[in-house]
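# Fold and contact review
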Amino acid sequence: MVTLGEMPVGTLAGAALPTTTSPGALLTIEGLTVDFNGVQVLRGIDLKLERGEALGIVGESGSGKSVTWLAALGLLPKTASVSGAVRLDGEDLLTVAQTRLDRIRGGRVAMIFQDPSSALNPVIRIGRQIGEVLARHQGLSGSRIRAETKGLFDLVGIPDAARRLDCYPHELSGGQNQRVMIAMALAGKPDVLVADEPTTALDATIQAQILDLLTAIRRETGMALVLISHDLGVVSETCERIMVMYAGSVVEMAPSESIFANPEHPYTRGLLDALPPFEGSLHRLIPIEGQVPEPANMPSGCAFAPRCPQRMGACETAIPPLLRTEADRFSACVVGAAAGSQEAGTFEKGMLA
Amino acid sequence: MTANILELHGISRSYPTRQGLFGKNVPVRAVDDVSLCLEPGETLALVGESGSGKSTTGRLALGLERPNSGKVLFRGTELPRADTPAWRRLRAQMQMIYQDPLAALDRRLTILDQLREPLDIHDIGATSERGSKALAMLEAVGLNTTHAASLPSQLSGGQRQRAVLARALIMEPALLVCDEPVSALDMSIQAQVVNLLMDLQRDLRLSLLFISHDLKVVRHISRRMAVMYLGRIVEYGETSLLLTKPAHPYTKALVSAVPIAGRRMAERIILKGEPPNPAARRTGCAFHPRCPIARPECTSVSPTFSLLPDGRSVACHAVDASLATRKVEP
Amino acid sequence: MFRFFAIRILRAAFTVALVVTFAFLVLRLSGDPARSIMGEDASPEAMAAFRQEWGLDQPLFMQYLHYFAAIFHGELGCSMRGGGAALDLVLSRIPATLMLTLPALLIKLAVGIPAGVYAALHRDSAIDRAVMVTAVAGYTVPSFVLGLVLVQLLAIWFAWLPTGGTGGLQHLILPILTLGIGGAAVLARFVRSAMLEVLGQPYIRTASAKGIPWASVVRGHALPNAAIPTVTIVGFMVGNLIAGSVVVESVFSWPGVGNLLVVSVAARDLAVVQCILLLVAVAMVFSNLIVDFLYGVLDPRLSNGDTGGGH
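Basis of the calculations
- Residues numbered from 1 in each chain as written.
- Chains lettered and ligands numbered in written order.
- Predicted model: local features only at pLDDT ≥ 70, side-chain atom pairs only at ≥ 80, totals over all residues.
- Helix = DSSP H or I, 4+ residues; strand = E, 2+ residues; numbered from the N terminus.
- Buried ≥ 20, exposed ≤ 12 C-beta atoms within 10 Å, placed from the backbone.
- Contact = placed C-beta atoms within 7 Å.
- Rg over C-alpha atoms; globule rule 2.2 N^0.38 Å.
- Nonpolar A, V, L, I, M, F, W, Y, C, P; charged D, E, K, R; others polar.
- Pairing = 2+ DSSP bridges.
- Axes fitted to C-alpha atoms, helices over the stretch in contact; angles between N-to-C directions.
- Parallel < 35°, antiparallel > 145°, perpendicular 65-115°, else oblique.
- Left-handed = near helix turned anticlockwise from the far one by under 90°.
- Core = buried A, V, L, I, M, F, W, Y, C linked by C-beta atoms within 7 Å.
- pLDDT = per-residue confidence, 0-100.
- Domains from an automatic or database assignment.

Attention now moves to the overall build of chain C. Counting secondary structure elements, chain C contains 14 helices and 0 strands. Of the regular secondary structure in chain C, the N- to C-terminal order runs α-α-α-α-α-α-α-α-α-α-α-α-α-α. If one aligns the C-alpha atoms of chain C with their principal axes, the spans along those axes are about 85 × 65 × 30 Å. Here chain C holds 311 residues, and 35% of them are scored as buried. Taking the contacts inside chain C whose residues are at least 6 apart along the sequence as the reference set, 73% of them involve residues at least 24 apart.

Turning our eyes to something else, we now look at the overall build of chain B. Secondary structure summary: chain B contains 12 helices and 13 strands in total. The globule rule puts the C-alpha radius of gyration for 330 residues at 20 Å, and the 21 Å found for chain B is close to it. By the burial criterion, 47% of the 330 residues in chain B qualify as buried. Contacts spanning at least 24 positions in sequence make up 62% of the contacts within chain B whose residues lie at least 6 apart.

This brings us to the interface of chain A and chain B. With 37 residues of chain A in contact, the opposing surface of chain B contributes 33 residues. Of all the secondary structure elements, the ones that give two or more residues to the side of chain A that touches chain B are α7 (174–186), α8 (204–221), α9 (232–238), α10 (256–261) and α11 (266–274) of chain A. It is α8 of chain A that provides the largest number of residues to the side of chain A that touches chain B, a total of 8 residues. In the side of chain A that touches chain B, the residues fall into 18 nonpolar, 13 polar and 6 charged.

This next bit is on the sheet that holds strand β1 (residues 27–36) of chain A. All names here are of chain A. The strand order across the open sheet built from 4 strands is β2-β1-β4-β5, with neighbouring strands paired in antiparallel fashion. Among the strands making up the open sheet, the edge pair consists of β2 (39–49) and β5 (91–92). Bridge count between strand β4 (residues 80–88) and β5: 2 bridges; the pairing is antiparallel. Within the sheet, the bridge partner assigned to L88 lies in β5 and is E91.

A few words now on the packing of helix α7 (residues 157–169) of chain B against helix α8 (residues 187–204) of chain B. Residue and element names in this part refer to chain B. For the pair α7 and α8, interaxial distance at closest approach is 10 Å and the crossing angle is 15°. In terms of their interaxial angle, α7 and α8 are classed as roughly parallel. The handedness of the crossing between α7 and α8 is right-handed. For the pair formed by α7 and α8, the contact residues are G157, G158, Q161, R162, L165 and L169 on the first element and I189, Q192, V193, L196, L200 and L204 on the second. Its residues assigned to classes, the contact of α7 with α8 shows 7 nonpolar, 4 polar and 1 charged.

Another point: helix α1 (residues 65–72) of chain A. All names here are of chain A. Within α1, 8 of the 8 residues are buried, leaving the element largely enclosed by the surrounding structure. Of the positions making up α1, those classed as buried are K65, S66, V67, T68, W69, L70, A71 and A72. Following α1 by one or two positions, G74 adopts a phi angle in the positive range, close to 70°.

Another aspect to go through is the sheet that holds strand β7 (residues 192–196) of chain A. All names here are of chain A. Here 8 strands make up an open sheet; going across it, the order is β6-β7-β8-β3-β9-β10-β12-β11 and the pairing mixed. Bordering the open sheet on either side are β6 (109–112) and β11 (323–326), each of which pairs with just one other strand. For this sheet, the mean inter-axis angle between neighbouring strands, taken without regard to orientation, is 25°. Relative to strand β12 (residues 329–331), strand β10 (residues 249–255) is paired through 2 bridges, and the arrangement is antiparallel. Counted as the bridge partner of E252 is S331 from β12.

Here we come to the nonpolar core. Residues A183, V192 and V226 of chain A together with L209 and V227 of chain B are the most contacted members of the largest nonpolar core, which totals 222 residues. Sort the elements by how many residues they give to this core and helix α8 (residues 170–199) of chain C lands first, with 10 residues. For V192 of chain A, the residues in contact, after removing those within four places along its chain, are L26, L27, L49, V109, M223, A224 and V226 of chain A. C78, L89, I242 and C275 of chain C belong to the second largest nonpolar core, which has 40 residues in total.

Each side of the interface is counted separately: chain C has 22 residues, and chain A has 29 residues. Of all the elements in the fold, those that place two or more residues in the side of chain C that touches chain A are α9 (202–209), α10 (214–239) and α14 (300–303) of chain C. Of the residues belonging to the side of chain C that touches chain A, the class tally is 8 nonpolar, 9 polar and 5 charged.

All names here are of chain C. Model confidence for chain C is summarised by a mean pLDDT of 84, while 97% of its residues fall at 70 or above. Taken element by element, chain C is modelled with least confidence in helix α2 (residues 33–38), mean pLDDT 72, and with most confidence in α9, mean pLDDT 95. This model gives residues 305–311 a pLDDT under 50, and the stretch forms 20 contacts once residues within four places in sequence are excluded. Prediction confidence for the complex, expressed as pTM and ipTM, is 0.84 and 0.84 respectively.

Residue and element names in this part refer to chain A. Here 8 bridges tie β1 to β4, and the two strands are oriented antiparallel to one another. Bridge assignment links D35 to a residue of β4, and that residue is S81. The turn linking β4 back onto β5 is made up of 2 residues, and D89 within it adopts a positive phi angle of 50°.

Take the environment of V234 of chain A next. Along the polypeptide, V234 of chain A turns up in helix α9. Through-space distance from the C-alpha of V234 of chain A to that of V58 of chain A is 9.6 Å; in sequence the pair is 176 residues apart. Contact partners of V234 of chain A, with chain neighbours within four places excluded, come to T199, L211 and S229 of chain A together with P259 of chain B.

This part takes up the domain arrangement of chain C. All names here are of chain C. Looking at chain C, the domain boundaries give domain 1 (2–72) and domain 2 (90–303). Averaged C-alpha coordinates put domain 1 and domain 2 at centres separated by 32 Å. The interface is formed by 14 residues belonging to domain 1 together with 12 residues belonging to domain 2. Of all elements in the fold, only α1 (2–29) and α2 reach the threshold of two or more residues within the side of domain 1 that touches domain 2. Looking at the side of domain 1 that touches domain 2 residue by residue, the class counts come to 9 nonpolar, 3 polar and 2 charged.

What follows is the structure, encoded as structure tokens:
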């Protein structure tokens, strides 16, 4: 795996996205459930993240797309009860000691958030906020921190690095602050970067810059990327694999090429139909009627059933499991499965097999 | 000949600001010499990023603020001064909805009460009928009597935005200014509200001034659009033209920045630099520091509008140089 | 920088002038010093002579002008009760007051701030609730009630401490405690609120996500932000050092500025009252100035108004 090293300038010639080199996935989540004061908001998430992979997670409000990763890193408030397992190279993040978790956060799994201007401490200079990570995870000190920080600024494309080091977050724009967040995340040389709606609060042209930057950094460092967004377009352009979440569960998982051309789950299909097209003929938008159920008031059976144009009786009796439908596609839909889109007779439960 | 319902003639608006704690007053031009017109029943979109001045233009169009120069004409006559009785009467004909419906609604009143309020204020119809009129409007936007009796906090985002829409339309205005009305909503709800807006527009013959940064929705809802950058319009014309064959380099960048589901990392124009700071305006074309095709004259001379053969106006030196154009007055 | 301070100093001076004028008017219009000082049964001629000696028979406006002009000469009048310069009298009482208010301030800071921080960090725990209840009790109970309760408890029932007056260290304890407890309660509640607000901010989550241990996050990220609003209230407490003990000094018969104020108001000893009010106003306004300056130091968003769009 290519590491950040001494800040290589520009992209490595011909570096393609690395394929999985070591056996076993980098990060596995098994049966992750989260409760807030007795109300379940995450209903058992399973997923696998390979080394160097770009996974996109799409969902609307209430889908649990952010809660999944906040829970995995132990960043939820004390009122949340989390169960299941989150294994990073075999180590369960939910049960490790706090000191170990502090090492992993930022050092192996880094997370950046929406609205960078409020995600940075307003009274501390940004150079110091990045230096904190360098000191903690790379053991640097003194002038080496300054030099390394400047290198990180160059890597993420912040001009005039020397002067910017001493700036405060409010002196920079939203786009620049997001670059600072990315630099801060990279400072620990993580294996995974979880980006939670990193471009939602930014202008369109800046959004393009940031997504471009994330892809370039992945290419250079071989880091895995989890990109969380409500915008299917954002995710499709940057990620190889897409996971769709609804009301606390995963409903579909597929490579990005196939999921848009041929969505399997009715929710995914509904999302795609509801998008105003940017090319081709104009037609009346086909919305998904109704709205996302409240976590305290979930329907029995499939959470999407009340809004689903294809619902059957079976949908209301039991929550459909996430099943493999093709070699690398999964869908949690009884109707889809019944339609016979799986391989001859073999149902492999979940995607952890 | 149908008269334009709204005309903006060269309006400008500046705000005085103070740079730093000890600095001098620097006027910031939020809107700079903007002209456009809106026909009855049509939708004109105003597109731009932060600092473009599109929201300020919307407020100027409604008369919520007075321009420092230029004229705003509603149905052919200039807008009266704000807070005069004449202006208040005009409110019934022009309304606005915003991005955050929760902030637009009074937390302590039921939806029905809030819908009745405009009728009460403007003394429309018989008092006894106002309740049923309000309910009818709520039904038209897809809300029922349970919603009518609820407080805003008990409704979802999409339902609140519908309530806001109902309140804006209960006066049967001729003009509705929408400032990012669907940006804060989930994708599946956006489609509901966009459909609703277009249906109501057709049924009530509404003219819409639709302010947004989301080009997908803009393509769907508007016939004409204006692209704004740092307070000025840089391109203005039919939406389908601007989005399929953008002429101005900024429009080109905006169009290529639209993330499209199913498309992978196509050839994209990535603009360098940051959105501009209105307080630190450069001479010449406001866009030139980030423009991929900037020329020498762009740094010193502001471009004026040229009319292209296909009917749109563009303010760009490079476009002028490459096409045969006719110079027009804006 | 000059403009920053110049404006504030001008505003401060104006505030002080306003306070002094108000005090002047209220005192002159509410009762007759001659009667208070000379007694009810003094002869009319004696009272008239008194008034003439102190300039009280002149029109109000003239008295005001004289007084104002005198201030700029540093002459703040004389005490009607005992003669002698008012300013000297007041200044002589300040050390006694400070002997109470300074240690009390230290108690407020040393008890109030940690209590508030701890309560915020362990929100809804038993200790948090205990702190909050104590805090509410501490500041809703009026200081004289608190003082009297403490006197009853510690000076009468247990007879550990004297009930008042001066003499030795033991005379200081009860008044200092009375002052300190109330202030600590106020501060604890305030600090808790400020900390809770800060802890809910996105940047705290970012700091944790970076792998910074929680103790360091609190120390390095949360406290500096919570300090900003805390400075306001501490500044107020500092400004109150001279005058903040009127009630307590009365309860414990402590010969400080507060006591002097009470006695002088009762006697309509105009010059002394005005002198005290002037000093208090100056102290308050000065501490506000320091607080303003500290804001600029602690919160970088205030020192330059440049927001976003950095170039």
